[in-house]
Structure formats: C-alpha cells, structure tokens
Amino acid sequence: MGVEAAVKSALGVEKIKECDLEGSAKIGDVIFWIGSHARNNNAEEKKERHVLFATKLSGSGKDAKLEIAGKVYTKLLDDLVSDPALAPFDLASRHLAPKDEGALNIESLAADGDKLWIGFRSPINKAKEALLVPLLNPWRQLTKARALNSAIR
C-alpha cells in the first residue's frame with residue numbers, strides 16, 4: 001500500500017490536505033516519519049498531522065517506490081499526554097495554536113540505535129530547553145499496532 005493511501009485509511013478520511021511531516025529517521029532499511037501533532041494556526045485540530053509511520057524504499061532509479069511498512073499510528077499524542085513522566089510539561093496544552101506559548105509542536109525525529117528520539121519545538125521548560133522523548137522499539141510498536149504508552153520513557 002502506498003503512503004498516502006495508508007494514512008487516509010488510518011485516519012478514516014478520503015482527502016488529506018497536509019500531514020505537516022516534521023521529521024524522519026532511518027533505522028536499518030526502515031524510514032520513520034512523524035507529523036507535527038500540532039493544531040493549525042487557528043488552533044483547529046487536523047487529524048492528518050497526528051501520524052507516526054514507517055516506510056521502506058524498494059527498487060532504484062525510475063523504478064524506486066516508497067511503500068508503507070507496518071501500520072500508521074495515530075494515537076501518539078494521547079500516549080504522550082497520559083504518560084505520568086511527561087506531566088510536568090503540561091502536554092494537555094495541545095489545544096493551542098502552534099505559535100502560542102506552551103503549545104504542543106513536534107519538530108524533529110532522530111534515530112539512536114534501535115530507538116527514536118522525538119524532539120519538540122514546544123513546550124519548552126523554564127530554561128528554554130527543548131523536550132526530547134525517547135520512543136523505544138518503534139518498529140515493533142508499529143507492526144503490532146498497539147498503544148505506544150509502554151514504549152515511551
């Protein structure tokens with residue numbers, strides 16, 4: 001299945017305006033992608049921004065294809081908000097527009113061995129330091145399509 005079709009299917013929509021992908025990271029031959037998980041400039045929720053998925057590249061040159069690998073995960077934000085270790089960051093402020101102080105906005109993704117690091121533009125702490133959240137065993141999580149809550153530390 002192609003990436004666009006997989007995202008549409010996971011979200012239950014026929015049309016996607018913008019996933020607002022903010023980061024990608026490669027582990028082995030799998031590329032992980034993450035949306036901003038932020039609201040739009042009017043603080044309206046856009047489901048297509050709430051995605052975490054993986055792809056594999058097959059073929060080369062004009063025959064190259066980027067295909068979905070595993071399942072598109074759409075509940076990462078719920079997992080982050082409900083994680084007690086992240087409570088001091090008040091991720092419930094996810095209802096704000098992305099440029100509002102304290103709003104939730106994912107900005108990057110990086111691979112570190114077999115885990116991913118999710119980097120946030122906001123919220124930030126009082127020292128103006130960015131929040132980094134490790135996601136353990138991301139491939140296993142996407143292939144089993146189960147809640148990621150146990151994988152976030």
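Rules behind the numbers
- Residues numbered from 1 in each chain as written.
- Predicted model: local features only at pLDDT ≥ 70, side-chain atom pairs only at ≥ 80, totals over all residues.
- Heavy atoms only, no water.
- Helix = DSSP H or I, 4+ residues; strand = E, 2+ residues; numbered from the N terminus.
- Buried < 20%, exposed > 50% of the residue type's maximum accessible area, 1.4 Å probe, protein only.
- Arc of directions from axis to C-beta.
- Contact = heavy atoms within 4.5 Å.
- Salt bridge = Lys/Arg side-chain N within 4 Å of Asp/Glu carboxyl O.
- Pairing = 2+ DSSP bridges.
- Core = buried A, V, L, I, M, F, W, Y, C linked by side-chain atoms within 4.5 Å.
- Phe/Tyr/Trp six-rings, centres within 6.5 Å; stacked < 30°, edge-to-face > 60°.
- 1 Å grid on protein atoms, 1.4 Å probe; cavity = no way out; pocket = protein on both sides within 12 Å on 5 of 7 lines; lining within 4 Å.
- Points joined across faces, edges and corners; volume = space filled by probe spheres on them.
- Nonpolar A, V, L, I, M, F, W, Y, C, P; charged D, E, K, R; others polar.

Participant: Even after reading the chapter, I still don't get the environment of Lys-62, so can you show me in this structure?
Facilitator: You can see Lys-62 is positioned in the loop between β3 (52-58) and β4 (65-73). Separated by 74 residues in sequence, Lys-62 and Leu-136 have C-alpha atoms that sit 35 Å apart.

Participant: What is the right way to read helix α1 (residues 3-11) from this model?
Facilitator: Because an α-helix completes one turn every 3.6 residues, residues spaced three or four positions apart along the sequence face the same direction. Residues of α1 that are buried: Ala-6, Val-7 and Leu-11. Projected onto a plane normal to the axis of α1, the buried residues spread over an arc of 125 degrees and lie on a single side. Structurally, α1 contributes buried residues whose contacts are with β3 and β4. A positive backbone phi angle near 70 degrees is found at Gly-12, which sits one or two residues after α1.

Participant: Help me understand unusual backbone geometry in this model?
Facilitator: Trans is the prevailing form of peptide bonds, just as negative phi is the prevailing case for residues other than glycine. Cis peptide bonds are those with omega within 30 degrees of zero, and the linkage from Ser-122 to Pro-123 qualifies with 10 degrees. Following the sequence through the fold, Pro-123 ends up in strand β6 (residues 115-124). Although it is not a glycine, His-37 adopts a positive phi angle of roughly 60 degrees. Tracing the backbone through its elements, the reader meets His-37 in the loop between β2 (30-35) and β3.

Participant: Mind showing me how you'd approach the pattern of salt bridges here?
Facilitator: Close approach of charged atoms allows side chains of opposite charge to pair. A full pass over the atoms with the stated rule returns 4 salt bridges. Among the salt bridges present, the one from Asp-112 reaches Lys-115, with a minimum N-O distance of 3.5 Å. For Lys-115, a relative accessible area of 22% translates into the label partly exposed.

Participant: Help me understand the pairing of strand β7 (residues 130-135) in this model?
Facilitator: Within a regular strand, the side chains alternate between the two sheet faces. Two elements, β6 and β7, share 5 bridges in a ladder whose sense is antiparallel. Pairing of Ile-124 across the sheet is with Ala-130, part of β7. Here β6 folds back onto β7, and the loop between the two strands holds 5 residues, one of which, Lys-128, carries a positive phi near 65 degrees.

Participant: Before we go on, may I ask you to explain the nonpolar core in this structure?
Facilitator: Generally speaking, nonpolar side chains in soluble globular proteins are found buried as a group. Counting residues in hydrophobic clusters, the biggest one holds 23 residues, and the most contacted among them are Phe-32, Ile-34, Leu-76, Leu-80, Leu-109, Ile-118 and Phe-120. At the level of elements, β2, β3, β4, α2 (76-82), β5 (105-112), β6 and β7 are the ones that each hand at least two residues to this core. Apart from the residues lying within four places of it in its own chain, the contact partners of Phe-120 are Leu-80, Leu-104, Asn-105, Ile-106, Glu-107, Ala-130, Leu-131 and Val-133. Membership of the second largest hydrophobic core comes to 9 residues, among which are Ala-6, Ile-16, Val-51 and Phe-53.

Participant: What is the right way to look at the packing of aromatic side chains in this model?
Facilitator: Ring pairs (aromatic) are described by centroid distance and by the angle formed between their planes. For the structure on display, the rule yields 1 aromatic pair. Plain terms: the ring middles of Trp-33 and Phe-53 are 6.5 Å apart, the flat faces sit at 20 degrees to each other, and that makes the pair stacked. Placement of Trp-33 in strand β2 and of Phe-53 in strand β3 is noted, with a sequence separation of 20 residues between them.

Participant: Whenever I open this one, the layout of surface pockets confuses me. Can you help?
Facilitator: With a probe scaled to a water molecule rolled over the atoms, the places where space remains empty come into view. Of the voids in this model, the largest pocket is the one considered here, and its volume is about 230 Å³. Lining the largest pocket are 13 residues, and of these Glu-45, Lys-47, His-50, Thr-74 and Asp-78 sit closest to its centre. Only α1 and α2 provide two or more residues apiece to the lining of the largest pocket. Counted by class, the lining of the largest pocket contains 3 nonpolar, 4 polar and 6 charged residues. Looking at the second largest pocket, its volume works out to about 190 Å³.

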